[in-house]
Amino acid sequence: MIPKPLLSWAQTTIATALFAGILLPHDAMADSLQTVSYPKFSQRSEYFAKVLSLALAKTEQEYGTANIQAYERELSNERLRRYLQDKQHIDVMWSTATQQRNQTLRPVKFDLLQGLGQYRFLLVKAGDSKRFDEIKSLPQLRKFTAGSGTYWSDTKVMRHNGIEPVTSVNHSLLPMLAAGRFDYVSRGAHEVWSELAAHANQFELLDNVVLKYSSRYFFYVNKDDIELAERLEKGLYLALNDGSYNQLFFSESDFKQGWDKLNELAPASVIILTSPKD
């Protein structure tokens, strides 16, 4: 059984945050209603919009009332990051944390996935799992071909660990897997369940192999938007501390399924990957 790591990173940070002063009163409350715009078509926008609202509500007494507003245009994450960097159309987005993103944008340093984003399940064609029965190590995994998104963080991690994946845009990967273009797709423990449900009987999950590498998932704001970053960080830690964050987190069925599945697996199933510096 894999120990449940839900609050291991976050709990150690709460005390640090308190003593560092992030929960000290702000100098002045906002005088006018603040509107925070987020990308409607980003991954899990409905869930992260709820998280955003929760963080803003927890800090309402200090900063004033804030509303959230969806940016309706469907764009790639790369374009959205450029908009955020240029302070256009959106005020916040969510993304896997990287050194490059932490330099060009301002991260809100609270892991929105509470450690779940470190784990990757392997998705294979239905009936194909027996081919993977003997995999116990990274060298054995390298004998199989991976598929991965062109701009995914997973792709960089795989290459850093000697796996050269076939890359494509996100929506093409599962059809390519079904067509036998590669052997597996690595998907986050929080992502894979909806994909399995949407492609019933076409794919299956390997029970004997789970990948793990260091990964956190942050809100990002414009580099100069210091006050919004501070407000969101305070609100998220307040929600974590009073239990409302976990209540919302586990209301997302895919997140709960991810933790439940991880706790069913043997520790020997986990293959640790090292992360590139960026």
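Right above here is the structure, for reference.
About the thresholds
Residues numbered from 1 in each chain as written. Predicted model: local features only at pLDDT ≥ 70, side-chain atom pairs only at ≥ 80, totals over all residues. Heavy atoms only, no water. Helix = DSSP H or I, 4+ residues; strand = E, 2+ residues; numbered from the N terminus. Expected span 1.5 Å × (residues − 1). Phe/Tyr/Trp six-rings, centres within 6.5 Å; stacked < 30°, edge-to-face > 60°. Buried < 20%, exposed > 50% of the residue type's maximum accessible area, 1.4 Å probe, protein only. Pairing = 2+ DSSP bridges. Axes fitted to C-alpha atoms, helices over the stretch in contact; angles between N-to-C directions. Contact = heavy atoms within 4.5 Å.

**Q** Summarise helix α10 (residues 226-242); cite the residues concerned and give the values.
**A** Its 17 residues give α10 an end-to-end C-alpha distance of 25 Å, which sits within 8% of 24 Å, the value for a rise of 1.5 Å per residue. Note on α10: the residue one or two positions beyond its end, glycine 243, has a positive phi of about 90°.

**Q** Hey, could you go over the packing of aromatic side chains for me, with residue numbers and the actual values?
**A** Throughout the structure, instances matching the rule amount to 18 aromatic pairs. Aromatic pair tryptophan 94 and phenylalanine 219: ring centres 6.2 Å apart, planes at 65°, arrangement edge-to-face. One end of the pair, tryptophan 94, is in strand β3 (residues 92-96); the other, phenylalanine 219, is in strand β10 (residues 217-221), and 125 residues separate them in sequence. Its relative accessible area of 3% is what places tryptophan 94 among the buried residues. Accessibility expressed as a relative area gives 1% for phenylalanine 219, which makes it buried.

**Q** How would you sum up the sheet that holds strand β7 (residues 166-168)? Please name residues and give values.
**A** Spatial strand order, β7-β6-β8-β5-β9-β11: 6 strands in an open sheet with mixed pairing. The outermost strands of the open sheet, each flanked by one partner alone, are β7 and β11 (270-272). Averaged over all adjacent pairs, the angle separating strand axes in this sheet is 40°, with direction ignored. In the sheet, strand β6 (residues 146-149) pairs with β7 via 3 bridges, with the strands oriented parallel. Along β7, the bridge assignment pairs glycine 147 with valine 166. In this fold helix α12 (residues 253-264) packs onto β5 (119-125) and β9 (203-212), with an angle of close to 90° to the strand it touches most, β5.

**Q** Outline the sheet that holds strand β4 (residues 106-108), supporting the account with residue identities and numerical values.
**A** Ordered in space as β3-β10-β4, the 3 strands form an open sheet in which the pairing is antiparallel. Two strands in the sheet have a free side with no partner beyond their single neighbour: β3 and β4. Strand-to-strand twist in this sheet, taken as the mean axis angle between neighbours without regard to direction, amounts to 40°. The sheet contact formed by β4 and β10 spans 3 bridges and is antiparallel. Among the inter-strand pairings, arginine 106 is bridged to a residue of β10, identified as valine 221.

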